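Breakdown of the fold
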Amino acid sequence: MYPKPIFIKHANQVITLKGSSQQPLAREKMSDLHIIEDGAVWVEDGLIKATGKTADLAAQYQSRLEEAEIIDASGKILLPGLVDPHTHLVYAGSREEEFNMRLNGATYMDIMNNGGGIHATTSMTRKASEEELVQESLIRLDCFLKHGVTTVEAKSGYGLDWDTEHKQLLAAKKADKLHPIDVVPTFMGAHAVPAEYKENPDAFIDLVIEEMLPKVAEEKLAEFNDIFCERGVFTPEQSRKLLEAGKKFGLTPKIHADEIEPYEGAELAAEVGAISADHLLRASDNGMEMMAEKGVIGVLLPGTAFFLMAEAARGRRMIDKGVPVALSTDCNPGSSPTCSMPFMMNLACMHMGLTPAEAITAATINAAHAINRAKEIGSIEQGKKADLLLLNVPNYMQMQYHYGMNHTDTVIKNGEIVVKGGSLCCQR
Ligand SMILES: [Zn+2]
């Protein structure tokens, strides 16, 4: 049952991103926000029923205004709920000690040799119960919601064995059911080479293909199949083999590509028809051009470079070359322990050269395209889910200008008010 209708009126700007559901926005279209000034939205039965000027909608719904919850959005702006298309939501434990070690001069390799890095999270996640993973994920989802995020993708990949990968995917499913945020699952069995397969990563890829993929498909545990293609992790050949195998099980390819050095990951994404290639810090010009041609979305994770104090991906160049760009937190315990999509948007402007308008497109409709949800979410249009974000700023440029702040006032998820005055007000 849905609560009563909601009438949001007098928003300084309603950022609709109208007409963007068919394909991801690229080049100058990324700046086309389709803004309604003094805008209004009528929400009912979990859906957006109408958008327009406040005066027009007030007249249209005049006879029903009394039954609706009225939100006066004067001085504020309304956006589609933010979409995070790349997270490692489900994991156990925390690694602030490594952060401290890094700032005391330790290198990545020192940390790895001390049993840290991804292997630390893997061992903590292996030990955690499914219920513990659900509880940790719910806390992070609350944090996402308070930052205006209404849908997240979530990857497995801290198991590197079937029992743990399975447990992570089940935990993601449970978190999706228990929390207002929609959680879209991705299988990432090939996130790292497990210690047991250090000498023979090919055998691990075969294990993932022969034993894990069929079970993921049979139990319908994921929609996407992801791999970490990077020198010293998995090669482009191994990545191609796994992603092609996943396609046969109906899993759409995604790829962690060209993060640390150029490795033709972007090129591979275009070749296998991946829905997105993610990270891309060292993607080649040729790779970008191939992605643009095939419409592969570049999911950029500015928080990861920021947190590791590395150079950011060349977001400006990708957009200029026609790659549809999306943004994400990469929420994970090692390289980006944050849930703040707004801060990722700030960083995209300051470190990657995106404009404030492009950052909004990248965090809404293009992000929705990157997880195959653009028909339902990512823009404010009649018939779409009522996932809406009301921000306490008078225009969209201020969202990026007053950086590092959470401007969230109200969040509506599936037609229900879940954040009010910046605080959670939903039951779970
Ligand atoms: Zn990742």
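Residues numbered from 1 in each chain as written. Predicted model: local features only at pLDDT ≥ 70, side-chain atom pairs only at ≥ 80, totals over all residues. Heavy atoms only, no water.

Time to look at the UniProt feature "binding site: Fe(3+)" (unreviewed entry) in the protein chain. UniProt records the feature "binding site: Fe(3+)" (unreviewed entry) for His86, His88, His256 and Asp330 in the present numbering. Despite a sequence span of 245 residues, these residues sit close together in the fold, their greatest C-alpha distance being 12.3 Å. Looking at where His256 falls in the secondary structure, it is placed in strand 10 (residues 252-257). Take His256: its relative accessible area is 3%, and that puts it in the buried class. Apart from the residues lying within four places of it in its own chain, the contact partners of His256 are His86, His88, Lys155, Met188, Asp226, Ile227, Phe228, Cys229, Asp278 and His279. In terms of polar contacts, His256 uses its side chain to reach the side chain of His88, at 3.5 Å. Excluding residues within four positions of it along the chain, Asp330 makes contact with His86, Thr87, His88, His279, Leu301, Thr304, Ser335 and Ser336. Of the polar contacts made by the side chain of Asp330, one reaches the side chain of His86; its length is 3.0 Å. (UniProt positions renumbered as here; feature names shortened; annotations may be inferred. Helix = DSSP H or I, 4+ residues; strand = E, 2+ residues; numbered from the N terminus. Buried < 20%, exposed > 50% of the residue type's maximum accessible area, 1.4 Å probe, protein only. Contact = heavy atoms within 4.5 Å. Polar contact = N/O pair within 3.5 Å; in protein donor to acceptor, adjacent residues only side chain to side chain.)

A separate point is the environment of Leu141. Secondary-structure assignment places Leu141 in helix 5 (residues 130-146). Along the chain, Leu141 and Leu89 lie 52 residues apart, while their C-alpha atoms are 8.2 Å from each other. Once residues lying within four places of it in the same chain are set aside, the contact partners of Leu141 are Leu89, Val152, Ala175, His179, Ile181 and Val183.

Now for the sheet that holds strand 11 (residues 276-279). Think of a sheet as strands paired side by side through backbone hydrogen bonds, with each pair either parallel or antiparallel. What the eight strands build is an open sheet, ordered 6-7-8-9-10-11-12-13; its pairing is parallel. Each end of this open sheet is capped by a strand with a single partner; those strands are strand 6 (82-84) and strand 13 (325-327). Taking the axes of each pair of neighbouring strands and ignoring which way they run, one obtains an average angle of 25 degrees across the sheet. Relative to strand 11, strand 10 runs parallel, the two being bridged by four bridges. If you follow His256 over to strand 11, its bridge partner there is Asp278. Strands in contact with helix 7 (residues 201-218) are strand 8 (182-190) and strand 9 (224-229); relative to strand 8, the strand with the most contacts, it is inclined by about 150 degrees. In the packing of helix 14 (residues 356-363) onto the sheet, contacts are made with strand 6 and strand 13, and the angle to strand 13 comes to roughly 75 degrees. (Pairing = 2+ DSSP bridges. Axes fitted to C-alpha atoms, helices over the stretch in contact; angles between N-to-C directions.)

Each angle at a metal carrying four tetrahedral donors should ideally be 109.5 degrees, and each at a metal carrying six octahedral donors should ideally be 90 or 180 degrees. With distances of 2.0 to 2.8 Å, the protein atoms coordinating the zinc ion are His86 (NE2), His88 (NE2), His256 (NE2) and Asp330 (OD). Taken together, the four donor atoms coordinating the zinc ion and their angles of 75 to 159 degrees define a geometry best described as irregular. The sequence motif formed by the donor residues of the zinc ion is H-x1-H-x167-H-x73-D. Taken as a pair, His88 in the loop between strand 6 and helix 2 (96-103) and His256 in strand 10 lie far apart in primary sequence, 168 residues in all. (Donors = N, O, S within 2.8 Å, 3.2 Å for Na, K, Ca; no water. Tetrahedral: all angles 85-135°; square planar, octahedral: opposite > 155°, others 65-115°.)

Once that is clear, we can look at helix 9 (residues 265-272). Helical geometry: 3.6 residues make up each α-helical turn, so side chains three or four residues apart lie on a common side. With seven of eight residues buried, helix 9 lies mostly within the body of the structure. By the burial criterion, the buried members of helix 9 are Gly265, Ala266, Glu267, Leu268, Ala269, Ala270 and Val272. Buried residues along helix 9 sit in contact with helix 8 (236-248), strand 10, strand 11 and helix 10 (285-294). One or two steps after helix 9, the chain reaches Gly273, where phi turns positive at roughly 70 degrees.

What follows concerns the environment of Ser336. As for its placement among the helices and strands, Ser336 is situated in the loop between strand 13 and helix 13 (341-352). Assessed through its relative accessible area of 1%, Ser336 is described here as buried. Separated by 29 residues in the primary sequence, Ser336 and Phe307 place their C-alpha atoms 6.1 Å from one another. With sequence-adjacent residues up to four places away left out, Ser336 is seen in contact with Gly303, Thr304, Phe307, Thr329, Asp330 and Cys331. Among the polar contacts made by the side chain of Ser336, one reaches the main-chain carbonyl oxygen of Thr329 at a distance of 2.8 Å.

Feature annotation in UniProt places "binding site: N-formimidoyl-L-glutamate" (unreviewed entry) on Tyr158, Asn332 and Gly334, given in this structure's numbering. Taken together, the annotated residues stretch across 177 residues yet fold into one region, lying no more than 11.5 Å apart by C-alpha. The buried category is assigned to Tyr158, whose relative accessible area is 3%. Tracing the backbone shows Gly334 in the loop between strand 13 and helix 13.

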